[in-house]
Amino acid sequence: FDAGAVDFIAKPFVSAVMRSRIGRTIELEKLRKSLANRLDEKIKEVSDIREESNKDALTGLWNRNYTEEKVSELLSKGVKGALFMMDMDNFKAINDNYGHIEGDETLKMFAETMRDYSKDGDVLCRIGGDEFVMFIKDVTSKTDLGNLAGDIISDLCYKIEQKKFETNTSVSIGIGQFPDDGDDFGTVYNAADKALYYVKQNG
């Protein structure tokens, strides 16, 4: 039993009894495997439901709560990086002039562009409306971060122009760095938010 046996048969044995006990053991093993498989399926279902509850339904990006949790976890491990706060200028004009379906497609395009400029381990989030957050791991050079932000803005503005929207819609980005601008999610987030506000106020 210590070695993992589930039953034993002592000599001398009766063949009918032996067959019966072996048959019962096989049935119990099949039942055990069936229950184990069902348990694995339920665990996966719960995991899938939890993951979906952490995602934005429209874009598939993470939501605010999960992003704060994940980025806080990374910062607690000393992972250096930068938090990009991004939103679209004059996005409301797209909804008003071209309808919410076009607005939703534009938001999806925004999310896809974020994916294009991210790497494994980065955290991408839609806070709500036309506001997005992206935590970029392991990039600390202000020049590199500025270039990345510029590339994202240029790419998004080009895609918006291709849609022929007459709304003067563009993109603004504010950046907060860890550990330069704060030692936790809240302070880095606020730094990025202030930078975004400055950008929007000063063009």
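These notes cover the structure that comes with them. (Residues numbered from 1 in each chain as written. Predicted model: local features only at pLDDT ≥ 70, side-chain atom pairs only at ≥ 80, totals over all residues. Heavy atoms only, no water.)

### A closer look at the side chain of Asp 155
The residue Asp 155 is located in helix 5 (residues 142-162) in this model. Looking at Asp 155, its side chain comes within polar contact range of the side chain of Tyr 117, at 3.1 Å. Once residues lying within four places of it in the same chain are set aside, the contact partners of Asp 155 are Thr 113 and Tyr 117. (Helix = DSSP H or I, 4+ residues; strand = E, 2+ residues; numbered from the N terminus. Polar contact = N/O pair within 3.5 Å; in protein donor to acceptor, adjacent residues only side chain to side chain. Contact = heavy atoms within 4.5 Å.)

### Structural notes on unusual backbone geometry
The linkage connecting Lys 11 with the following residue, Pro 12, adopts the cis geometry, with an omega of -10 degrees. Topologically, Pro 12 is positioned in the segment before helix 1 (15-53). Backbone geometry places Lys 164, a non-glycine residue, at a positive phi of 65 degrees. Relative to the elements of secondary structure, Lys 164 occurs in the loop between helix 5 and strand 4 (170-178). Of the residues examined, Lys 164 reaches a relative accessible area of 64% and is grouped as exposed. Non-glycine residue Asn 168 carries a positive phi angle of around 55 degrees. When you line up the elements, Asn 168 lands in the loop between helix 5 and strand 4. A relative accessible area of 66% means that Asn 168 is categorised as exposed. (Buried < 20%, exposed > 50% of the residue type's maximum accessible area, 1.4 Å probe, protein only.)

### A closer look at the pairing of strand 3 (residues 131-137)
Two faces, one strand: in a regular strand the side chains alternate between the faces of the sheet. Within strand 3, 6 of the 7 residues are buried, leaving the element largely enclosed by the surrounding structure. For strand 1 (residues 81-89) and strand 3, the ladder comprises 7 bridges, and the chain directions are antiparallel. Each bridged residue has a counterpart across the sheet, and for Phe 84 the counterpart in strand 3 is Met 134. Of the pairings in the sheet, the one linking strand 2 (residues 123-128) to strand 3 comprises 5 bridges and is antiparallel in character. (Pairing = 2+ DSSP bridges.)

### What to know about the packing of aromatic side chains
Per the counting criterion, the structure on display carries 5 aromatic pairs. For the pair Phe 1 and Phe 8, a centre-to-centre distance of 5.8 Å together with 75 degrees between the ring planes defines the contact as edge-to-face. For the pair formed by Phe 1 and Phe 8, the shared burial category is exposed. Note that Lys 55 overlies the ring of Trp 62, its terminal NZ or CZ placed 5.3 Å from the centroid. The cationic tip of Arg 64 hangs over the ring face of Tyr 189; the distance from NZ or CZ to the ring centre is 4.5 Å. (Phe/Tyr/Trp six-rings, centres within 6.5 Å; stacked < 30°, edge-to-face > 60°. Lys NZ or Arg CZ within 6 Å of the ring centre and 35° of its normal.)

### A word on the environment of Leu 107
Here Leu 107 shows up in helix 4 (residues 100-116). Measuring from C-alpha to C-alpha, the distance between Leu 107 and Asp 130 comes to 6.8 Å, with 23 residues separating the pair along the chain. Discounting chain neighbours no more than four positions away, the residues touching Leu 107 are Leu 58, Thr 59, Phe 91, Arg 126, Gly 129, Asp 130 and Phe 132.

### Some thoughts on the side chain of Asp 87
By the secondary structure assignment, Asp 87 is in strand 1. Polar contacts involving the side chain of Asp 87 include one to the side chain of Lys 200, which spans 2.9 Å. Aside from chain neighbours lying at most four places away, what touches Asp 87 is Asp 130, Glu 131, Ser 170, Val 171, Ser 172, Leu 196 and Lys 200.

### Observations regarding the nonpolar core
Counting residues in each nonpolar core, the largest one holds 25 residues, and the members touching the most others are Phe 84, Met 86, Phe 110, Met 114, Met 134 and Ile 152. Put simply, the parts of the chain that give this core at least two residues each are strand 1, helix 3 (91-98), helix 4, strand 3, helix 5 and strand 4. Considering each element in turn, this core owes the most residues, 6 residues, to helix 5. Those residues in contact with Met 134, other than ones at most four positions away along the chain, are Ala 82, Leu 83, Phe 84, Met 86, Met 114, Ser 118, Val 123, Leu 124 and Ile 152. Counting residues in hydrophobic clusters, the runner-up holds 16 residues, among them Leu 75, Val 79, Cys 125 and Phe 178. (Core = buried A, V, L, I, M, F, W, Y, C linked by side-chain atoms within 4.5 Å.)

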